[in-house]
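Examination of the molecular architecture
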Amino acid sequence: MNLRWLCLCGFVLLTGQVSSAAIATILAGGETALPADTPSGRLDTAGEFSFVGALAISNGSVNYRGSAVALSSEWVLTAGHNADLNDDGLPDAGWSGTFHLPGYGSFGVARAYTPPSFTGFANPSVNDDLALLHLAVPLPVGMSFPTLGAAGIGDVITLVGFGRSGYGSYGYTTSASLTDRRFGSNVIDSFRLDDEGSGRAEVFLYDFDAPATTGQPGGSLGNDVETIIGPGDSGGAALRQKADGSWELVGINTFTEGYGGRFGDTGGGVLVDPYKDWILQTTGIPEPACVEMLMLTLLVFILRRHHR
Ligand SMILES: [Ca+2]
Ligand SMILES: [Ca+2]
Ligand SMILES: [Ca+2]
């Protein structure tokens, strides 16, 4: 197995040509396996995951593509390496990004933030690879956003992202875009612990199982369900569906290990639960609590006026 960690922000030349380094997104199953599957069969045509957008990234000389997840009307969560192209852990000087939400529009990023513990992609670990993006203009009113949740080994997760797709039997086939949102699922196989030694799990991993293993312990979820991410999916969502049908964000997709979108490869990302304090402190979410405090202040003010 190729043990090199593959950074999954897609690389695009300024000419708009996709480089051979490959942008990819949610992979389909085997081309000839059953149930039949295609990259277009993985498209989110119903807008179920409308809070997951594509990210157009530039460091001033090179353009990249990634994915990102809206947490509120002003804040978006993505992979840290999408804002840190020189892998020093800090958002790059000269960095710019635009969040593209099909059906809603494009939204510029005012500022990017990475966790204090992030030291760059695979520099030396894949831990802490998150970035919060503060949008210059709020998203439209009426959008729904996922809640933040924790995940366990054995949980089914749904992976959502933009970019190229292809077949698990031989790899990538389609072009990147800022419009094609795909999804698929996998099962969390293992965790990696905090590189700072807290003992908490920070990284989740899963394997891309071939359709012949469907129904076996630890096997495929089905040819038209099982997936892995690829370049361009970095920063996309790993979601868990709650009993009421709503989605909670449990992780951000950030890396693969293997031969590039093929059965037997390993994928993974960063869990969001260990970073909840950093997310809430940076963003001020949950906003409803702020609204409640404001309402309470207003009520006290009104009552005081009435008692005069
Ligand atoms: Ca940097
Ligand atoms: Ca850490
Ligand atoms: Ca699997």
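See the structure printed just above.
Here's what I pulled together on the structure shown here. The numbering scheme is per chain: residues are counted from 1 as the chain's sequence reads. Each chain is given a letter, starting from A, and each ligand a number, starting from 1, according to the order in which they appear as written. Local features in a predicted model are, by the rule used here, given only for residues with pLDDT of at least 70; side-chain atom pairs are given and counted only at 80 or more, and totals for whole chains, interfaces and linings are based on all residues. Hydrogens are left out, water is left out, and the side-chain values use all remaining heavy atoms of the structure.

At this site the calcium ion (ligand 3) is bound by N186 (OD1), D207 (O), D207 (OD), D209 (OD) and E226 (OE), with donor distances of 2.3 to 2.6 Å. The sequence pattern formed by the donor residues of the calcium ion (ligand 3) is N-x20-D-x1-D-x16-E. Of this pair, D209 sits in the loop between β15 (201-207) and β16 (237-241) while E226 is found in the loop between β15 and β16, placing the two residues 17 residues apart along the sequence. For every residue, the accessible area (1.4 Å probe, protein chains only) is compared with the maximum for its type, and the residue is labelled buried under 20%, exposed over 50%, or partly exposed between those bounds. What makes D209 buried here is its relative accessible area of 11%. On the accessibility criterion, E226 (2% relative accessible area) is buried. Only nitrogen, oxygen and sulfur atoms within 2.8 Å of the metal, or 3.2 Å for Na, K and Ca, are treated as donors, and water is left out, so sites may look incomplete. Going along the chain from the N terminus, every DSSP run of H or I of four or more residues is numbered as a helix, and every run of E of two or more is numbered as a strand.

What follows deals with the pairing of β16. Consecutive side chains of a regular strand alternate in pointing toward one face of the sheet and then the other. In terms of strand pairing, strand β10 (residues 156-162) meets β16 through three bridges, oriented antiparallel. Paired with V160 across the two strands is A237, which belongs to β16. As judged from the five bridges shared by β16 and strand β17 (residues 247-257), these two strands associate in the antiparallel manner. Paired with R240 across the bridge in β17 is E248. Between any two strands, pairing holds if DSSP finds at least two bridges.

The criterion for an aromatic pair is that two Phe, Tyr or Trp rings (for Trp, the six-membered ring) have centres within 6.5 Å, with stacked assigned to planes under 30 degrees apart, edge-to-face to planes over 60 apart and tilted to the rest. In total, this model carries seven aromatic pairs according to the counting rule given. Considering the side-chain rings of F204 and Y206, the 6.4 Å spacing of their centres and the 25° angle between planes classify their relative orientation as stacked. By relative accessible area, which is 1% here, F204 ends up buried. Here Y206 falls in the buried class, since its relative accessible area comes to 1%. Each member of the aromatic cluster is reached from another via a ring pair, and the members are F49, F51, F183 and W247.

Further remarks concern the side chain of S234. Within the element layout of this structure, S234 appears in the loop between β15 and β16. There is a polar contact of 3.4 Å between the side chain of S234 and the backbone oxygen of T254. Two N or O atoms form a polar contact when they lie within 3.5 Å of each other; inside protein one atom must be a possible hydrogen donor and the other a possible acceptor, and for residues adjacent in sequence the pair counts only when both atoms belong to side chains.

What follows is about the pairing of strand β3 (residues 52-58). The buried fraction of β3 is high, at six of seven residues. Judged from the seven bridges that link them, β3 and strand β4 (residues 63-70) form a sheet pairing that is antiparallel. Bridge assignment links V52 to a residue of β4, and that residue is V69. As consecutive antiparallel partners, β3 and β4 are separated by four residues, and within that stretch G60 has a phi angle of approximately 100°, a positive value. Judged from the five bridges that link them, β3 and strand β6 (residues 96-101) form a sheet pairing that is antiparallel. Bridging across to β6, A56 finds its partner in T98.

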